Amino acid sequence: MKAFTYERAKDAGAAARAVAGRPGAKFIAGGTNLLDLMKIEVETPTHLVDVQDLGFDTIVKTADGGLRIGALVTNTNLAADARVRRDYGVLTRAIVAGASGQLRNKASTAGNLLQRTRCPYFYDTNMACNKRRPGSGCAAIGGYSRQLGVIGVSTSCIATFPGDMAVAMRVLDAVVETVDATGARRAIPIADFHRLWGDRPDLDTVLKPGELITAVTLPRPIGGKHFYEKVRDRASYAYALVSVAAVIQPDGTGRVAFGGVAPRPWRVEAADALLPQGAAAVTARAFRGATPTEDNGFKLPLATRALASVIAQAKA
Amino acid sequence: MKFDTPATTNPIDRMTVVGRAHSRIDGPLKTTGGAAYAYEHPAEVADPAYGYVVGAGIAKGRIRSMNLDEAKAAPGVIAIVTAADAGKMGKGKFNTAKLIGGPDIDHYHQAIALVVAETFEQARAAAGLIRVDYTRSKGQFDLAAVADTAPLKGGEPGKPPEYRVGDFEQAFAAAPVKLDQRYTTPDHTHAMMEPFASIAAWNGDALTLWTSNQMVDWTRTDLATTLGIPKDKITLLSPYVGGGFGGKLFLRSDAVLAVLGARAAKRAVKVALQRPLMANNTTHRPATRQRIRIGATPDGTITAIAHESSSGDLPNGGPEAAVLQTQLLYAGANRLTAMRLAVLDLPEGNAMRAPGEAPGLMALEVAMDEMAETLKMDPIAFRVKNDTQVDPKTPTRRFSQRQLVRCLEEGAQRFGWSRRNATPAQVRDGRWLVGMGVASAFRNHMNMTSGARVRLGRDGVVTVETDMTDIGTGSYTIIAQTAAEMMGVPVDSVVVKLGSSAFPVSAGSGGQFGAANATAGVYAACVKLRQALATRLGYDPADLALADGKITSGGRSTSLEQAAAAGDLSAEDKIEFGDLDKTWQLSTFGAHFVEVGVDVYTGATRLRRMLAVCAAGRIINPTSARSQVIGAMTMGVGSALMEELAVDKRFGLFINHDLASYEVPVHADIPHQEVVFLDEVDDKANPMKAKGVGELGLCGVGAAVANAMYNATGVRLRDYPLTLDKHFERLPAVA
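Given the structure is predicted, the values throughout are model-derived calculations rather than measurements. (Residues numbered from 1 in each chain as written. Chains lettered and ligands numbered in written order. Predicted model: local features only at pLDDT ≥ 70, side-chain atom pairs only at ≥ 80, totals over all residues. Heavy atoms only, no water.)

S.K.: Please explain the packing of helix α12 (residues 475–487) of chain B against helix α13 (residues 514–537) of chain B as it appears in this structure.
M.R.: Helices that pack against each other are described as a pair by the angle of their axes relative to one another and the distance between those axes. Residues and elements named next belong to chain B. Look at α12 against α13: their axes get within 9 Å of each other, and the N-to-C directions meet at 30°. Viewed along their axes, α12 and α13 adopt a mutual orientation that is roughly parallel. Relative to α13, α12 is oriented so that their crossing is right-handed. Within the contact between the two elements, α12 uses Ile478, Ile479, Thr482, Ala483, Met486 and Met487 and α13 uses Ala515, Thr519, Val522, Tyr523, Cys526, Val527, Leu529, Arg530 and Leu533. Partitioned by chemical class, the residues of the contact of α12 with α13 number twelve nonpolar, two polar and one charged. (Axes fitted to C-alpha atoms, helices over the stretch in contact; angles between N-to-C directions. Helix = DSSP H or I, 4+ residues; strand = E, 2+ residues; numbered from the N terminus. Parallel < 35°, antiparallel > 145°, perpendicular 65-115°, else oblique. Left-handed = near helix turned anticlockwise from the far one by under 90°. Contact = heavy atoms within 4.5 Å. Nonpolar A, V, L, I, M, F, W, Y, C, P; charged D, E, K, R; others polar.)

S.K.: Help me out: how do you make sense of the pattern of salt bridges in this one?
M.R.: Between side chains of opposite charge, a pair can form as their charged atoms come close. In this structure the tally under the stated criterion is 62 salt bridges over all chains. Across the pair Asp173 of chain A and Arg255 of chain A runs a salt bridge whose closest N-O atoms are separated by 3.4 Å. With Asp173 of chain A in the loop between α9 (165–171) and β6 (175–179) and Arg255 of chain A in strand β11 (residues 254–259), this residue pair connects regions lying 82 residues apart in the sequence. We note a salt bridge from Asp104 of chain B to Arg62 of chain B, for which the minimum N-O separation is 2.8 Å. With a gap of 42 residues between them, Asp104 of chain B in strand β5 (residues 104–105) and Arg62 of chain B in strand β3 (residues 61–67) connect regions that are remote in the sequence. (Salt bridge = Lys/Arg side-chain N within 4 Å of Asp/Glu carboxyl O.)

S.K.: I would appreciate a short explanation of the domain arrangement of chain B in the present structure.
M.R.: As a measure of interface size, the accessible area lost when the parts come together is often cited. Residue and element names in this part refer to chain B. For chain B, the assigned domains are domain 1 (2–35 + 447–581), domain 2 (43–355) and domain 3 (360–445 + 586–735). On the side of domain 3, 58 residues touch domain 2, which itself brings 58 residues to the contact. Carbon and sulfur atoms supply 68% of the area that domain 2 and domain 3 bury against each other, a total of about 4,700 Å² over both sides. Among the residues of domain 2 in contact with domain 3, Leu328, Tyr330 and Arg353 are the three that bury the most area, contributing 17% of the side total. Counting across the interface, domain 2 meets domain 3 through one salt bridge. (Domains from an automatic or database assignment. Buried area = accessible area lost by both parts, 1.4 Å probe.)

S.K.: Just checking my understanding: could you explain the nonpolar core for this structure?
M.R.: As a rule of thumb, nonpolar side chains are buried together in soluble globular proteins. Grouped together as the largest cluster of nonpolar side chains are 119 residues, with contacts concentrated most on Phe258, Phe287 and Leu307 of chain A together with Ile294 and Phe593 of chain B. Here the element with the most residues in this core is helix α9 (residues 357–374) of chain B; it accounts for ten residues. No fewer than three residues from each of domain 2 (43–355) and domain 3 (360–445 + 586–735) of chain B sit in this core. Discounting chain neighbours no more than four positions away, the residues touching Leu307 of chain A are Val244, Val256, Phe258, Leu275, Ala279, Val282 and Thr283 of chain A. Among the nonpolar cores identified, the runner-up in size contains 54 residues, and Val17, Ile479, Leu537 and Ala563 of chain B belong to it. (Core = buried A, V, L, I, M, F, W, Y, C linked by side-chain atoms within 4.5 Å. Buried < 20%, exposed > 50% of the residue type's maximum accessible area, 1.4 Å probe, protein only.)

S.K.: Can you help me understand the UniProt feature "domain: FAD-binding PCMH-type" (unreviewed entry) in chain A in this one?
M.R.: Within this structure's numbering, the places UniProt gives as "domain: FAD-binding PCMH-type" (unreviewed entry) are residues 1–223 of chain A. Overall, residues 1–223 of chain A shows 27% helix and 16% strand. The separation of its end C-alpha atoms is 47 Å. (UniProt positions renumbered as here; feature names shortened; annotations may be inferred.)

S.K.: Whenever I open this one, the environment of Ser238 of chain B confuses me. Can you help?
M.R.: All names here are of chain B. Position of Ser238 among the secondary structure elements: in the loop between β12 (234–237) and α7 (253–265). On the basis of relative accessibility, which here comes to 0%, the residue Ser238 falls in the buried class. Along the primary structure Ser238 and Ala71 are separated by 167 residues, whereas in three dimensions their C-alpha atoms are 32 Å apart. In contact with Ser238, other than residues within four places in its own chain, are Thr211, Ser212, Asn213, Val216, Thr469 and Gly499.

S.K.: Before we go on, may I ask you to explain the layout of surface pockets in this structure?
M.R.: Empty space among the atoms becomes apparent when a probe as large as a water molecule is rolled across them. Quantified by volume, the second largest pocket comes out at close to 1,000 Å³. If you trace the second largest pocket, you find 46 residues lining it, with Tyr144 of chain A together with Glu644, Ala646, Val647 and Lys649 of chain B closest to the centre. At the level of secondary structure, the elements contributing two or more residues to the lining of the second largest pocket comprise α4 (143–146), β9 (177–185), β14 (288–296), β15 (302–313) and β30 (647–648) of chain B. Examining the composition of the lining of the second largest pocket, we find that three residues originate from one element, β15 of chain B, more than from any other. Taken together, the residues of the lining of the second largest pocket sort by class into 19 nonpolar, 13 polar and 14 charged. Two domains share the lining of the second largest pocket, each providing at least three of its residues, namely domain 2 (43–355) and domain 3 (360–445 + 586–735) of chain B. (1 Å grid on protein atoms, 1.4 Å probe; cavity = no way out; pocket = protein on both sides within 12 Å on 5 of 7 lines; lining within 4 Å. Points joined across faces, edges and corners; volume = space filled by probe spheres on them.)

S.K.: What should I look at first to understand the interface of chain B and chain A in this one?
M.R.: Between chain B and chain A, the contact holds 43 residues from the first and 39 residues from the second. Summing both partners gives a buried area of about 3,200 Å² for chain B against chain A, and 56% of it is carried by carbon and sulfur. Viewed at the interface, chain A and chain B are joined by three salt bridges. Close ionic contact of Glu229 of chain A with Arg431 of chain B constitutes a salt bridge, the shortest N to O distance being 2.8 Å. Remark: the boundary between chain B and chain A carries 18 residue pairs in polar contact (both at pLDDT 80 or more). Split into classes, the residues belonging to the side of chain B that touches chain A amount to 26 nonpolar, six polar and eleven charged. (Polar contact = N/O pair within 3.5 Å; in protein donor to acceptor, adjacent residues only side chain to side chain.)

What follows is the structure, given as structure tokens:
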């Protein structure tokens with residue numbers, strides 16, 4: 001771990017200015033991912049701005065009947081919120097499918113969106129990694145890639161976004177609200193929040209330096225049955241090989257997003273429209289143009305079968 | 001005490017303390033933080049410096065240059081140790097590769113430097129400032145590429161590289177029913193909770209090393225050899241070990257670097273090997289590629305059986321002895337086992353829990369299931385039919401005890417085996433395909449010389465001292481039970497001190513040899529102490545009864561406090577063995593039963609219930625033995641379903657080198673486990689009439705899971721781990 005300086009910000013504007021004004025500065029909230037990465041020098045911030053005193057820890061109803069989730073609401077509190085459980089079950093199910101109770105107590109809503117990939121080559125600083133050290137190459141390509149991405153990846157990087165919560169937020173059409181150092185606010189649809197790697201896999205999201213997430217809003221409830229199907233090698237405490245977040249309406253229409261397959265929660269709206277035709281039709285459209293490796297090609301038929309289980313449960 | 005004739009009736013047979021469930025006497029210390037592990041000695045080492053290990057960034061090659069300037073100038077840095085300034089170093093008997101690399105690098109993450117600083121954080125930060133330039137050499141990292149052409153290698157020195165009985169080839173060719181299949185198991189890492197950790201403190205030319213280690217005397221000896229220190233100048237302390245599983249049998253880099261760091265820093269130095277280094281810096285269980293051939297007559301009589309296995313290791317390493325159980329487990333007149341050992345430039349292979357049998361049975365017991373199906377026989381009936389009460393190679397040599405058939409039959413009855421549908425893929429529970437599987441468990445029992453010292457104090461307290469270790473297994477408790485039984489005192493009148501090189505050398509912990517041998521050593525010392533008591537009291541040593549804190553002979557009786565009033569009485573002895581283990585085959589047996597559900601959609605396999613029935617001699621403490629077995633069963637599930645060190649064959653390393661990416665089972669994976677111990681006393685093993693049991697609990701579990709999966713799905717998998725990607729596309733169509 002490199003030495004760094006630390007401050008606790010008193011308000012959002014000050015926090016954003018503190019990070020924007022210093023190259024190498026980062027926000028820290030729960031720290032469940034950042035601190036681990038700092039210990040092995042995958043992350044080497046020079047300055048940390050702790051945002052834990054900013055509030056942002058409530059879930060309130062919005063004017064249009066949705067919910068605004070403060071950026072610092074913990075995963076545990078978000079998953080347990082009665083309104084979330086009642087109206088956005090996919091989100092609760094996704095959150096409790098991830099990490100452990102201890103981590104969910106500490107992890108924040110904003111931090112969860114910003115967690116970094118779990119590619120093993122990203123974690124080993126002896127290995128080339130364009131995400132960790134731009135321009136150094138990608139050791140994962142041609143290497144052990146069972147967990148890695150099958151679509152939306154590039155010749156620079158085949159990592160995935162590893163989270164669960166964001167996959168559910170994607171089917172719910174959540175919006176990420178931010179403030180920057182100038183006080184300007186943005187509302188970024190979650191569909192646009194995580195980048196595809198292209199030739200800049202070091203940039204995970206569209207956030208600008210110093211731009212601080214203040215909340216995530218959910219539109220008003222859409223009804224339907226809510227599912228989060230997470231496929232993994234052990235029953236708990238493992239990243240998804242493939243996950244499926246879905247909301248299915250009584251008439252068989254609905255929405256579906258996939259996790260563990262791409263640099264972002266993977267949803268193709270044109271594929272949603274095929275849900276009444278069954279899982280194979282949906283995944284054929286959603287994964288059109290996929291570029292799996294020999295190790296992870298199984299994720300494509302697995303996604304189909306995982307979605308089939310969801311559709312079967314919806315009909316039951 | 002030389003044990004060279006079968007045991008007769010002795011005080012242990014009373015079973016007033018031994019053989020009874022007893023909670024761990026060290027439990028309260030462990031649950032309250034009172035048990036000081038290797039890294040935790042603030043009272044003895046008030047002001048330690050901290051070491052941080054730097055691992056090599058290449059698998060094979062040479063350090064061209066190493067720039068330490070920036071690291072040396074970093075805040076708090078006291079010293080940096082590298083091979084260049086470590087002086088001439090030897091290599092211990094139990095190490096294959098050097099523990100400190102440089103300039104030549106033998107494997108990935110081989111230790112190349114230790115940074116010693118005032119704080120852990122300073123040492124870690126400075127370690128990141130060391131700049132190393134390497135010249136890479138080409139290495140061989142792909143077992144599959146060399147497995148079939150690698151040279152034959154015997155498991156033991158001096159034995160022929162192939163084991164043969166009769167004429168396997170001819171008998172196999174002539175057999176009416178045949179199986180010829182190949183199986184693979186991957187590399188595994190021990191993944192124990194407590195990392196390798198040491199504190200070294202010099203006092204003049206005397207060294208004290210607190211370290212987390214299973215084998216105090218092996219490691220002390222190898223440390224002396226490696227660093228050229230007289231052995232008698234080394235005090236090695238390992239009273240508590242937070243898991244070892246074979247990884248901590250040997251001297252490792254944490255200890256050597258802590259000692260060198262303490263010398264360079266002129267301070268006590270503590271080192272805990274960082275988790276991301278553990279998989280590649282230390283030893284691992286090597287991958288195997290196995291071939292099994294079985295020939296039988298239509299009634300299920302095995303006429304020919306062959307088991308061949310290839311594994312790899314660094315030069316001068318050893319094979320994973322995956323074929324040895326096949327020499328003894330089933331009958332058959334014509335037999336062949338052979339091992340091939342390839343040179344690989346991966347980190348060094350060595351013992352991991354139940355070495356040999358664990359991966360060997362993962363293949364053999366699936367082959368037996370496949371053969372039973374071909375023969376249209378129940379898998380239990382097929383095994384029972386081929387039971388042998390003698391060593392098939394030397395039929396005059398009998399097993400001392402062999403209750404395999406009873407384990408299988410008792411287990412079948414308890415598990416409800418009769419409800420198993422012999423036709424695969426017939427049982428459905430919602431989205432789950434349900435199946436049952438069975439496998440035999442087998443592991444040899446090993447005799448090891450083991451010593452102890454026992455002292456009776458004036459307060460009537462019995463103190464046992466031995467360098468035996470407790471690696472979470474319950475050694476403290478079973479040793480206390482043994483001394484209590486022998487001296488006729490309650491367990492809470494016994495104090496057990498373990499894990500110090502100041503104490504008599506014991507068997508140590510490994511190879512499921514610890515419990516039986518270490519307690520037998522305590523038995524021997526207690527026999528001597530009883531004789532010393534008789535001598536002091538003028539009692540007839542042939543007619544002694546010790547019970548309720550009193551010693552009685554003829555009509556006379558004295559309390560132990562009174563007997564010790566004239567001064568402490570102390571005795572030391574060790575158990576040594578004659579050739580009973582050559583006259584008799586000493587082995588342990590069991591049967592594992594597993595029920596799984598396989599998700600028809602995703603192919604994910606989840607355990608539903610497990611049962612182990614074990615016959616392993618006298619069970620000294622049913623509670624700690626059960627804990628051993630359920631832990632071993634859990635490891636078996638891990639090796640069946642998820643554990644795999646992923647080899648990057650280009651760069652020559654295990655790339656998933658942390659606990660997020662090397663998955664072991666979690667509680668949610670293990671819903672229900674049951675363990676049954678059959679009554680057994682083995683008078684050929686030792687005076688305790690006990691054998692090992694810890695590793696038996698693992699042997700065969702992987703195959704039982706594999707067989708249950710086949711019964712559930714009808715899809716046979718032979719390449720571990722049996723992850724969902726290997727079969728879900730062959731499950732019934734769902735979309």
